[in-house]
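Listed here are the chains, written in short residue letters.
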Amino acid sequence: MFFAISCLFAYRQVLKKEGVVSAGLVKIENINYVYSSFELSGEGKTIALIDNYIIKAVPEDPSHTFLILRTFLDQNYIVREDYEIPTEGKVNCAYIDGKRITADQVLNALTDIIRNDNDEGTPFYISNNGTEKNDLKSVVIGYEDCPVGTDYSIYGIGKIDDKWAVVLRNELGTWDGNKLPAIYHELDTKCREMLSECGIW
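In this report, we go over the structure that sits alongside the text. Quick caveat, the model's predicted, so the values are computed rather than measured.

As for the pairing of strand β4 (residues 46-50)
In step 1: Within β4, 5 of the 5 residues are buried, which leaves the element mostly enclosed by the surrounding structure.
In step 2: Bridging between β4 and strand β5 (residues 53-57) involves 4 bridges; their strand directions are antiparallel. Among the inter-strand pairings, T46 is bridged to a residue of β5, identified as K56.
In step 3: Turn length for the β4-β5 hairpin, with the two strands adjacent in sequence and antiparallel, is 2 residues, and the turn residue D51 shows positive phi of about 55°.

See the structure below:
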């Protein structure tokens, strides 16, 4: 028992780092981080302790550019201040309903829809208390070398009018009573099959 407690104490001492956590900035051993919002697959191991804060790694980011800042009651996401999050370019990952997807068929289909080059889509309504809103799965995408999802421009993906489709946030209208006008873009067969293989449906 004493040995186990001693090991735990020694482990915590190793993890203790010099740093400061404030409302607008987190400093970990002279590296500045800022608060951010992104999608990830889960929590990695604890890499540092600063006062009452636990710093956890992001599993898909071995460079520790993105980190999780935790307390007993709260959790925040942070990113290195000197890292410029890409907002366009090649889509390298998508988080659908919290699950990380890297299949080319899915990423290419989402890229085509986001760029919206040829498909005008189909108008429809999302009901506030209907299945359309509840059945749409969340989608967050990441570009280029970014290891996590940072682009929330897709409102959701799901089955609409018996078709698997994507809805973009910038094509949402304004609520009219209990209805939200929107536009959906149908997914091709290969993309639907790949999403099924990935366990999304």
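Observations concerning unusual backbone geometry
In step 1: The phi torsion at D51 lies on the positive side, around 55°, for a residue other than glycine.
In step 2: Positive phi is not limited to glycine here, since D161 has a value of about 55°.
In step 3: Topologically, D161 is positioned in the loop between β12 (154-160) and β13 (163-168).

A short note on the environment of R70
In step 1: One can find R70 in strand β6 (residues 66-70).
In step 2: The spatial distance from the C-alpha of R70 to the C-alpha of N52 is 8.7 Å, given a sequence separation of 18 residues.
In step 3: Aside from chain neighbours lying at most four places away, what touches R70 is E43, N52, Y53, I54, K56 and Q75.
In step 4: Within the structure, R70 has its side chain in polar contact with the side chain of E43 (distance 3.1 Å).

A word on the pairing of β12
In step 1: Counting buried positions along β12 gives 6 out of 7 residues, so the element sits mostly inside the fold.
In step 2: Here β12 pairs with β13 via 6 bridges, running antiparallel. Opposite I154, over in β13, you have L168 as the bridge partner.
In step 3: Counted along the chain from β12 to the antiparallel partner β13, the turn is 2 residues long, and its residue D161 has a positive phi close to 55°.

Looking at the sheet that holds strand β1 (residues 19-21)
In step 1: Judged by pairing direction, the sheet is antiparallel, and its 7 strands sit side by side in the order β1-β2-β3-β7-β6-β5-β4 without closing on themselves. Across the chains shown, the open sheet's two edge strands, defined by having one partner strand only, are β1 and β4. Adjacent strand axes in the sheet meet at a mean angle of 30° when their direction is disregarded.
In step 2: Relative to strand β7 (residues 75-80), strand β3 (residues 31-36) runs antiparallel, the two being bridged by 4 bridges. Bridge assignment links Y33 to a residue of β7, and that residue is R80.

Things to note about the packing of helix α2 (residues 104-115) against helix α4 (residues 189-197)
In step 1: With their axes 8 Å apart at the nearest point, α2 and α4 run at an angle of 130° to one another. It follows that α2 is oblique to α4 by the angle criterion. Considering the relative orientation of α2 and α4, their crossing is left-handed. Every residue of α4 that contacts α2 at Q105, V106 and A109 is listed here: K190, C191, M194 and L195.
In step 2: Classifying every residue of the contact of α2 with α4 by side-chain character gives 5 nonpolar, 1 polar and 1 charged.

Details of α4
In step 1: Of the residues making up α4, those classed as buried are C191, M194 and L195. Down the axis, α4 shows its buried residues gathered within 100° of arc, on one side only. Exposed residues lying more than 90 degrees from the buried face of α4 are K190 and E197.
In step 2: Lining the buried residues of α4 we find β8 (91-96), α2 and β12.
In step 3: The N-terminus of α4 is capped by D188, whose side-chain oxygen sits 3.3 Å from the backbone nitrogen of K190.

Quick look at the pattern of salt bridges
In step 1: By the definition in use, this model includes 3 salt bridges.
In step 2: Between R80 and D82 there is a salt bridge, and its shortest N-O distance comes to 2.9 Å.
In step 3: Judged by relative accessible area, R80 falls into the partly exposed class, the value being 25%.
In step 4: On the basis of relative accessible area, D82 is assigned to the exposed category, the value being 58%.
In step 5: Between D97 and K137 there is a salt bridge, and its shortest N-O distance comes to 3.7 Å. With a gap of 40 residues between them, D97 in the loop between β8 and β9 (99-101) and K137 in the loop between α3 (131-135) and β11 (139-143) connect regions that are remote in the sequence.
In step 6: Look at D97 and you get partly exposed, because its relative accessible area is 49%.

Cut-offs used in this document
- Numbering of residues begins from 1 in every chain and follows the order in which that chain's sequence is written.
- For a predicted model such as this one, the threshold for reporting local features is a pLDDT of at least 70, and the threshold for listing and counting side-chain atom pairs is 80 or more; totals across whole chains, interfaces and linings nevertheless cover every residue.
- Excluding hydrogens and water, the side-chain figures rest on all heavy atoms present in the structure.
- Under the scheme applied here, a residue whose accessible area is under 20% of the maximum for its type counts as buried, over 50% as exposed, and between as partly exposed, the area being computed with a 1.4 Å probe on protein chains only.
- A run of H or I in DSSP counts as a helix once it spans at least four residues, and a run of E counts as a strand once it spans at least two, with each numbered from the N terminus.
- Following DSSP output, two strands are said to pair if at least two bridges run between them.
- The contact criterion used throughout is that any non-hydrogen atoms of two residues lie within 4.5 Å.
- Here a polar contact is taken to be a pair of N or O atoms separated by no more than 3.5 Å, where protein atoms must pair a possible hydrogen donor with a possible acceptor and residues adjacent in sequence count only if both atoms sit in side chains.
- Axis geometry follows a simple rule: fit a line to the C-alpha atoms, using only the stretch in contact for helices, then measure angles between N-to-C directions, giving values from 0 to 180 degrees.
- With respect to orientation, any angle under 35 degrees is reported as roughly parallel, any angle over 145 as roughly antiparallel, any angle of 65 to 115 as roughly perpendicular, and every other angle as oblique.
- Left-handed is the label given to a crossing in which the near helix is rotated counterclockwise from the far helix by less than a right angle, and right-handed is the label when the rotation is clockwise.
- All residues other than Ala, Val, Leu, Ile, Met, Phe, Trp, Tyr, Cys, Pro, Asp, Glu, Lys and Arg, Gly among them, are scored as polar; the first ten of these are nonpolar and the last four charged.
- An arc is given here, and it is the one of the directions from the helix axis to the C-beta atoms.
- Here, a salt bridge means any Lys or Arg side-chain nitrogen found within 4 Å of an Asp or Glu carboxyl oxygen.

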